[in-house]
Structure formats: structure tokens, C-alpha cells
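What the coordinates show
Here is what each chain is made of, one letter per residue.
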Amino acid sequence: MFKEIVRNYTLQQLDTSFVVLQNVIMSVGDKPEEIIAYVNRTRSFLENREYSKISIDYNNIWLNPFSATESIIPAIYYLKEQYGEVISACKNEKMQKEVSDFFISIVEFEKENSSNAFAKLIELSSYKSKLPTILKNPLAGIINEIYSNKNKDFFAKDYRVRKMFIPIEKIADISGGKVPEVLISELPNLVLPVGHPIPYEVYVGHPLDKNVYFPISSYQVELLKDKIHEFCYLVQCLGATELTIEAYNAAYSSKETNNRTDANAELGSFAKANYHNERKSKLYEEISNSMSVHQQFTHNKEPFVPEGLMWFQHEVSWQRMASQRLVGGLTFHEERMETKKVQMLESRELTQVKAQVKALFVKADFTYDSEEDSKFEQHENDTLSIKVKF
């Protein structure tokens, strides 16, 4: 991938170094024949791309005492695909740091497809970099090509690959983290909340609808709401006459509602000083504010299972309830739904993505505060109950 860049760079360095050495040789009266023959052979091999034939002779005077020649050594090793030797040669303190970083990064990228190496190459290709122009300019073109290929059909891939993404404004923002960073300008027509995407926000995909993504701070509640909506539609089609959504342990004191309405009496039972119950109250409040917590229905057709359901095929209890209802005789059903069942991220993943977002904020010179930090906290498990009468 990078061989043409390295080849052209090596040819330039070979000629530049040889000019320097010729002047030195003339001043000291040394024998130039051996050096001239070596340079000519090496140039010929480079021009014909016969890299395996190039020899690196440390006894040859042109390779050793002059700093102008130092970067030729890792370049030749790279062309010969002797990557371990490239890394060793880059430890030479005489070499320009940007050139050393370049060779180390292209080796790491080609051997391991390293995201960190790719991020480093982006940095080296920026206008601020002191990398020689003969390397920097073509490197920028290759980076654009790599980025396009890395994200080609990204949103059509397996959920484990596309589970999260972070929108960025330019390729230079890439941090080298675990979560794919996608240019906002290249995002397909995703279903996102109004006002989104927001740069450097983390989005988590719906596990059953590949076009739908939610901000990481709200994805569990949104998935739970989506699941509840589908369940309510299912039981309505199955002939439900009444359904009520309440927090699982709502039976504890409706007396603590502080004169709330009966429709929200269950919510008050969680308004205790206990932190865990406060969190449950917030969950229930979010659900109840976005959908009815108590509904009644009348019907004019026989019970049926509607088409187009997503969660149904993954929920055995729903399938069993539907079968019982279609056979006849089922008059009541209670379904409990837990946030842990829609928890798509593990604590380890949250830690990794938090570190990645911090790095992006530093690059963008943004302030990373406690509000940002709270987005990556693992929520405790909360439970809602849906009681259905048929």
C-alpha cells in the first residue's frame, strides 16, 4: 500500500546522500568506485522494483557515518518486507522523528490494521507535520482512500461491527479508538433524534433495526420504550381490553405520592430518599411521559398476530401468550420488562469509549465535564410491569 511512496522517497534520499558523499570523498581522496557501483545497483533495483535484490551493507561507507543517509536503512528494510528490522532501524537517534514515526506507523498499520497507527499517519499527513513533502503529500491521498474503504458499507455490516459509531467533522479528528469514527458528510439516511447527529456524540444502534441509532446516554430507555410500544400493539391486536404500565414494585406505598393523580400514583411510590428507588422513578417517569400508562380498548375483529413485529420473534413469553390467546381462554397476562434485557454495552466497552471521547475532545479543544462523563455510567437494572386484561 505504501511501497510506492517509500520507493520514491528512497530514490530521492539515495541521490541526495550520494551527492553529499561524493563531495566528502573528493575532499579526502578516498576510492569512490565501490560506492558508485553500490549506488547504481541500488538505484536500478529500486527503479525496477526488485527490492529483494537490494543489499544493506553496514561496512559500506555510504550507509554509516552521515546522518543524511540514516532514513534509507528503514526504507530499504520496509521495501524488502523485513518489518522487524524497520522498527530496529527507526531507533536511530539521528533520524528525523517524523520520518521514524512514519515507518513505525506504516508497519504497525499493515501488520495489525492498527487504528492508533492510522490516527498517527493522519497526524503526520497534516499541514502542521514536519514530515518531508515527498512522504506527506501522497500519504494524505492514501489516507483518504483507506478511510473510504474502512467505512464502505459500514452500516450494512453485522451488528457487532456497527453497534456504535462516533460522528466526526473531518478525518483529522480520528483518535484511533475502538469505536468507528464516521464523517458526518458520509452518514447514510439514519433514523436519529431531531437535531442529531452531533459531533463526538456516541450513538448506539438498535439491535433489530439497522437504520435506527440513539445517543449512548438514552439508548436503554429508548430501546425499552420501543419494546413496550410493540408489546402494547401486539396485545391490542390480540384483543386486549385494558393495559396498565407500572414500575415493578409499585405496590409499596401510593401514600407517598404527595397528592399526585391516580394515573401517576405508582410513580410516587419511588420518591423515597433511597437512590435506587429515585432512579426507578426517573425511568418510569420517562416512559409515562412518552406513552400512556393506562389504556382501554374495544374490538371489532378476531384476535390476530400483526405482521412487521421485530421483538416478537425473540421473545418466547410473548409467543406463548399469543398462542394461548389465539387458542382462547386467556383473560389476563403480566409481562415484565427489564432494562438489562436491552443493555447492548458492557462496562468494559463503556470504559473504552469514554477514553476515546475524551481524546476527541482534547483534539477539538472542547471541555470534557461531568455531564459528558455521566453518559458512560452503567445503569442499574430497572423493571417495568405491563398488566393486560383480555
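Now for a description of the structure that goes with this document. Within each chain, residue numbers correspond to sequence positions counted from 1 in written order. Local features in this predicted model are restricted to residues of pLDDT 70 or higher, and side-chain atom pairs are both shown and tallied only at a pLDDT of 80 or more, whereas totals for entire chains, interfaces and linings draw on every residue. To get the side-chain values, all heavy atoms of the structure are used, and hydrogens and water are removed first.

Quick look at the nonpolar core now. Put simply, a nonpolar core is a bunch of buried Ala, Val, Leu, Ile, Met, Phe, Trp, Tyr and Cys residues held in one set by side-chain atoms that sit within 4.5 Å of each other. Think of it in three bands: with a 1.4 Å probe and only protein chains considered, a residue is buried below 20% of the maximum accessible area for its type, exposed above 50%, and partly exposed in between. Ranked by internal contacts, the top residues of the largest apolar core, which has 100 residues, are Phe2, Tyr78, Phe102, Phe103, Leu121, Phe165 and Ile216. Only DSSP runs of H or I with at least four residues qualify as helices, and only runs of E with at least two residues qualify as strands; both kinds are numbered from the N terminus onward. Among the elements that take part in this core, helix H9 (residues 219–237) stands out by supplying eight residues, more than any other. The contact definition used throughout considers only heavy atoms, calling two residues in contact when any of these lie within 4.5 Å. When sequence neighbours within four positions are dropped, the list of residues in contact with Phe165 reads Phe154, Phe155, Val179, Pro180, Val182, Leu187, Leu190, Glu201, Val202, Tyr203 and Tyr213.

Judged by how many residues are buried, strand E8 (residues 383–389) sits mostly within the fold: five of seven residues are covered. Paired strands are those between which DSSP finds at least two bridges. Examined bridge by bridge, strand E7 (residues 332–338) and E8 share seven bridges and lie antiparallel to one another. Along E8, the bridge assignment pairs His333 with Val388.

For the rest of this paragraph, the subject is the pattern of salt bridges. Salt bridge criterion: a side-chain nitrogen from Lys or Arg within 4 Å of a carboxyl oxygen from Asp or Glu. Summed over all chains, the structure comprises 21 salt bridges. Taking the shortest distance from any N to any O, the salt bridge between Lys170 and Asp173 comes out at 3.3 Å. A salt bridge links Arg348 to Glu346; its shortest N-O distance comes to 3.3 Å. Judged by relative accessible area, which is 45%, Glu346 ranks as partly exposed.

On to the sheet that holds E8. Through backbone hydrogen bonds, the strands of a sheet pair up, either in parallel or in antiparallel fashion. If you trace the four strands from one edge of the open sheet to the other, you get E6-E5-E8-E7, paired in antiparallel fashion. Taken across any chain shown, the strands that pair with only one partner, and hence form the sheet edges, are strand E6 (294–296) and E7. On average, each strand axis in the sheet is tilted by 15 degrees relative to the strand beside it, whichever way the strands run. Pairing analysis gives three bridges linking strand E5 (residues 242–247) to E6, with the strands arranged antiparallel. To define axes, lines are fitted to C-alpha atoms, for helices over the stretch in contact only, and angles between the resulting N-to-C directions are given on a 0 to 180 degree scale.

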